[in-house]
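# Reading the structure
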Amino acid sequence: MASNTLFKLSAALALVLFALMNSADAQGLKVGFYAKRCPNLEAIVYKTTARFINVAPTLPHLS
């Protein structure tokens, strides 16, 4: 009885996690998305990310 309840709870949790992972994507965001509103945004994000990666050696370096 307890194992059946545990299975149902695990299955429900897996479904919730799957739903959250599916909704956490970029929602259609792509390179060039802000090109008209803020043409420098991608360069700003790239430079800022690179600066943090350079001071944190455990993070993967940008290619």
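To keep things clear, this report deals only with the structure shown in the data block. What you are looking at is a predicted structure, and each value in this text was computed from that prediction instead of being measured.

So, about the overall build of the protein. Check the secondary structure of the protein and you find 2 helices and 0 strands. Buried residues in the protein amount to 3% of all 63 residues.

Throughout the structure, instances matching the rule amount to 1 aromatic pair. Ring geometry for Phe 33 against Tyr 34: centres 5.0 Å apart, planes inclined by 80 degrees, an arrangement best described as edge-to-face. By relative accessible area, Tyr 34 is classed as partly exposed at 39%.

Together, Leu 29, Phe 33 and Tyr 34 make up a nonpolar patch on the protein surface, roughly 310 Å² of accessible area in all. Residue placement: Leu 29 occurs in the loop between helix H1 (2-23) and helix H2 (41-55). Given a relative accessible area of 45%, Leu 29 falls into the partly exposed group.

About the criteria used
Residues numbered from 1 in each chain as written. Predicted model: local features only at pLDDT ≥ 70, side-chain atom pairs only at ≥ 80, totals over all residues. Heavy atoms only, no water. Helix = DSSP H or I, 4+ residues; strand = E, 2+ residues; numbered from the N terminus. Buried < 20%, exposed > 50% of the residue type's maximum accessible area, 1.4 Å probe, protein only. Phe/Tyr/Trp six-rings, centres within 6.5 Å; stacked < 30°, edge-to-face > 60°. Patch = residues over 30% accessible without salt bridge, like charges linked within 9 Å, V, L, I, M, F, W, Y side chains within 5 Å. Areas by Shrake-Rupley, 256 points an atom, 1.4 Å probe, with all protein chains shown as cover. Salt bridge = Lys/Arg side-chain N within 4 Å of Asp/Glu carboxyl O.

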